[in-house]
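Close look at the chain arrangement
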Amino acid sequence: MVSPVYAQMKARSARVMVSETQLRQLLELLSRAGGQQMAAAVAQGLGLPEIRLNGLLAGVQKLLNVDGYPVLAIDRVSKTIRLDLASLKMQFEL
């Protein structure tokens, strides 16, 4: 959350309604799961109804997918959410 790139993306996406707490919880959840988790498990881990998860994930993608790199990807067919930790570290200079 202290990355200058993150601060820039957050400023650009001012209307995105994702709290830093939610973002941190999502990143930790996916990281603990090896970067990939089923949507139902993510919703449960975040304490959200599954129907609200898509809106949250869309906002997170706007914050994390810098220059089109898929840091956070959603496979709608398999209902899987993937976090590319290597791309996250590279894009946000971590």
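Preceding this paragraph is the structure being described.
Residues numbered from 1 in each chain as written. Predicted model: local features only at pLDDT ≥ 70, side-chain atom pairs only at ≥ 80, totals over all residues. Heavy atoms only, no water.

A few words on the overall build of the protein chain. When you go through the protein chain residue by residue, the secondary structure sums to five helices and three strands. Reading the helices (α) and strands (β) of the protein chain from amino to carboxyl end gives α-α-β-α-α-β-β-α. Counting only residues that meet the buried cut, the protein chain has 38% of its 94 residues in that class. Taking all contacts inside the protein chain whose residues are at least 6 apart in sequence as the whole, residues at least 24 apart take part in 53%. For the protein chain, the exposed surface amounts to about 5700 Å²; the carbon and sulfur share of it is 54%. (Helix = DSSP H or I, 4+ residues; strand = E, 2+ residues; numbered from the N terminus. Buried < 20%, exposed > 50% of the residue type's maximum accessible area, 1.4 Å probe, protein only. Contact = heavy atoms within 4.5 Å. Areas by Shrake-Rupley, 256 points an atom, 1.4 Å probe, with all protein chains shown as cover.)

What follows is about the side chain of Asn 65. The residue Asn 65 is located in the loop between α4 (50-64) and β2 (72-75) in this model. Among the polar contacts made by the side chain of Asn 65, one reaches the main-chain amide nitrogen of Leu 72 at a distance of 2.9 Å. In contact with Asn 65, not counting residues within four places along its chain, are Pro 70, Val 71 and Leu 72. (Polar contact = N/O pair within 3.5 Å; in protein donor to acceptor, adjacent residues only side chain to side chain.)

Let us now look at α4. The periodicity of an α-helix, 3.6 residues per turn, causes residues three or four positions apart to be oriented the same way. Here α4 spans 21 Å end to end across 15 residues, near enough to the 21 Å set by a 1.5 Å rise per residue. Among all positions of α4, only Leu 53, Leu 56, Leu 57, Gly 59, Val 60, Leu 63 and Leu 64 are buried. The buried residues of α4 all sit within an arc of 165° when viewed along its axis, so they share a single face. Those residues of α4 that are exposed and aimed more than 90 degrees away from the buried face are Ile 51, Gly 55 and Lys 62. (Expected span 1.5 Å × (residues − 1). Arc of directions from axis to C-beta.)

Before going further, it helps to spend a moment on the packing of helix α3 (residues 39-46) against α4. Two measures define how a pair of helices packs: the angle their axes make with one another and the distance between the axes. Where α3 meets α4, the closest approach of the two axes is 9 Å, and the angle between their N-to-C directions is 90°. Relative to α4, the element α3 lies roughly perpendicular. Listed contacts from α4 to Ala 39, Ala 40, Val 42, Ala 43 and Leu 46 of α3 are Glu 50, Leu 53 and Leu 56. (Axes fitted to C-alpha atoms, helices over the stretch in contact; angles between N-to-C directions. Parallel < 35°, antiparallel > 145°, perpendicular 65-115°, else oblique.)

Before going further, it helps to spend a moment on the environment of Ser 19. Take Ser 19: it is sitting in the loop between α1 (4-12) and α2 (20-32). Distance from Ser 19 to Leu 56, taken between C-alpha atoms, is 9.5 Å for residues 37 residues apart in sequence. Here Gln 22 takes part through its backbone nitrogen, which lies 3.0 Å from a polar atom of the side chain of Ser 19.

Okay, the sheet that holds strand β1 (residues 36-38) next. Remark on secondary structure: sheet strands pair via backbone hydrogen bonds, oriented parallel or antiparallel. Spatially, three strands are ordered β1-β3-β2 in an open sheet, and the strand pairing comes out antiparallel. A strand with exactly one partner marks an edge of an open sheet, and here the two such strands are β1 and β2. Recorded for the sheet is a direction-independent mean angle of 20° between the axes of neighbouring strands. Two elements, β1 and strand β3 (residues 80-83), share three bridges in a ladder whose sense is antiparallel. Residue pairing across strands places Gln 36 opposite Arg 82, the latter belonging to β3. Running at roughly 145° to β2, α4 makes contact with β2 and β3 of the sheet. (Pairing = 2+ DSSP bridges.)

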